[in-house]
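Residue-level structure breakdown
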Amino acid sequence: MLLASGMRRVDGVDAIEAPVADGGEGMADVIHGALGGEWRTAVVSDPLGRAVPAQWLLLDDGTAVVDSAAALGLPLLRREKLDPINATSRGLGELLLAILAASPTSILVGLGGTATVDGGVGMRGVIGSWMRDVPLRVACDVRNPLLGVRGAARVFGPQKGATPDQVEELERRLAELHELAPYRDRPGAGAGGGLGAAFAAMGAELVEGAELVLDITRFDERAAGAALVVTGEGEVDASTFEGKGPGTVLRRCAALGVRCELFGGVVRDGFEAHALSGSRALAGEDLVRLGEALALSALDFA
């Protein structure tokens with residue numbers, strides 16, 4: 001909204017806002033904006049076992065859409081309460097049981113934004129194996145494998161509060177989940193702290209969340225006539241181009257022959273993007289100014 005408001009300051013520029021999601025938190029909101037549906041709520045356990053209300057979406061065709069973050073999300077915990085060693089995905093299992101009780105025709109789960117790195121142990125302890133007649137798709141926000149230098153513990157553990165020693169402990173725990181071994185290297189296995197591998201072991205279909213959501217929201221159709229598309233996220237780094245929304249938007253725009261500009265609150269070395277000041281206090285002002293500058297450049301480009 002702030003970026004678009006900056007663009008609209010320039011005469012002759014019309015800015016259309018198009019929310020994007022990649023399987024992380026907010027996916028259900030974006031799908032609701034595109035397709036409608038009915039919000040429902042279940043009370044489940046948060047990553048530390050406390051009761052929390054979690055929303056999920058029932059579409060008109062009977063498909064249930066849910067963000068794992070509704071039960072397991074980082075925003076549910078204060079920074080000082082993050083505890084990836086003890087955090088559990090049990091609440092997601094409870095949420096899936098509540099969804100199944102509504103007899104959906106299929107279920108779509110978004111994996112990103114969780115405070116957990118338990119390889120789905122807590123969830124599977126509740127839900128068991130997926131011996132049910134309900135198709136299950138899982139939208140992964142990243143392509144990372146379960147283990148290794150690009151795996152769930154080493155890449156995302158620190159974001160969830162893990163110290164270096166805890167990262168190694170989490171890596172060891174994930175490696176010991178032998179039932180996940182056949183799925184360790186599947187793209188998306190490391191999403192959601194290893195939930196990707198857990199769902200794959202349950203027979204779910206893993207899909208790239210960004211691709212799925214862009215198709216649902218008819219992104220290509222809307223972007224094809226644009227003079228400029230702008231996308232971004234808090235931090236631009238290697239993971240931006242490993243299945244996340246902004247990287248997928250860039251690729252789609254390139255295929256369409258549409259100019260696309262990427263921005264980030266922080267831009268890591270080696271990546272080309274517009275860097276904001278990095279100050280949370282100035283983020284709104286930064287976005288307005290960037291929007292205005294890009295709108296002017298779009299007029300010049302045209």
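Going by the structure above, here's the rest.
Residues numbered from 1 in each chain as written. Predicted model: local features only at pLDDT ≥ 70, side-chain atom pairs only at ≥ 80, totals over all residues. Heavy atoms only, no water.

**Regarding the pattern of salt bridges**
The cut-off we apply is this: Salt bridges are identified by distance alone: a Lys or Arg side-chain nitrogen within 4 Å of an Asp or Glu carboxyl oxygen. Only DSSP runs of H or I reaching four residues or more are called helices, and only runs of E reaching two or more are called strands; each is numbered from the N terminus. Only protein chains enter the accessibility calculation, which uses a 1.4 Å probe; a residue is then buried when its area is under 20% of its type maximum, exposed when over 50%, and partly exposed in between.
Taken as a whole and judged by the stated rule, the model has 23 salt bridges. With its nearest N and O atoms 2.6 Å apart, the salt bridge here joins Glu-208 to Arg-143. In this pair, Glu-208 sits in strand S6 (residues 205–208) while Arg-143 sits in the loop between strand S5 (136–140) and helix H6 (152–156), placing the two residues 65 residues apart along the sequence. A salt bridge links Glu-169 to Arg-173; its shortest N-O distance comes to 3.0 Å. Taken together, the residues Glu-169 and Arg-173, both in helix H7 (residues 164–175) and four residues apart, mark about one turn of the helix. Of the residues examined, Glu-169 reaches a relative accessible area of 25% and is grouped as partly exposed. Salt bridges linked by common partners bring Glu-211, Asp-215, Asp-220, Arg-251 and Arg-252 together as one network.

**A short note on the sheet that holds S6**
Here is the rule: The pairing criterion for strands is at least two bridges between them, as found by DSSP. Interaxial angles span 0 to 180 degrees and are taken between N-to-C directions of axes, which are lines fitted to C-alpha atoms, for helices over the stretch in contact.
An order of S1-S2-S3-S4-S5-S6 is seen for the six strands of this open sheet, with the pairing classed as mixed. The open sheet terminates on both sides in strands that have one partner only, identified here as strand S1 (38–45) and S6. For this sheet the average axis-to-axis angle between neighbouring strands, irrespective of direction, equals 30°. When strand S2 (residues 51–58) meets strand S3 (residues 63–67), the two strands line up antiparallel, connected through two bridges. Counted as the bridge partner of Leu-58 is Ala-64 from S3.

**Some words on the packing of aromatic side chains**
Remark: the centre distance and the inter-plane angle together describe each pair of aromatic rings, the angle taken between the planes. Which entries qualify depends on this criterion: Any two rings among Phe, Tyr and Trp, with Trp reduced to its six-membered ring, count as a pair given centres within 6.5 Å; such a pair is stacked if its planes are under 30 degrees apart, edge-to-face if over 60, and tilted if neither.
Taken as a whole and judged by the stated rule, the model has one aromatic pair. A centroid spacing of 5.8 Å and a plane angle of 10° characterise the contact between Phe-241 and Phe-271, whose relative ring orientation is stacked. Here Phe-241 is found in the loop between strand S7 (229–236) and helix H11 (245–256), whereas its partner Phe-271 is found in the loop between strand S8 (260–267) and strand S9 (274–275), with 30 residues between them in sequence. When its relative accessible area of 36% is taken as the criterion, Phe-241 is described as partly exposed. Relative accessible area serves as the criterion here: at 30%, Phe-271 is assigned to the partly exposed category.

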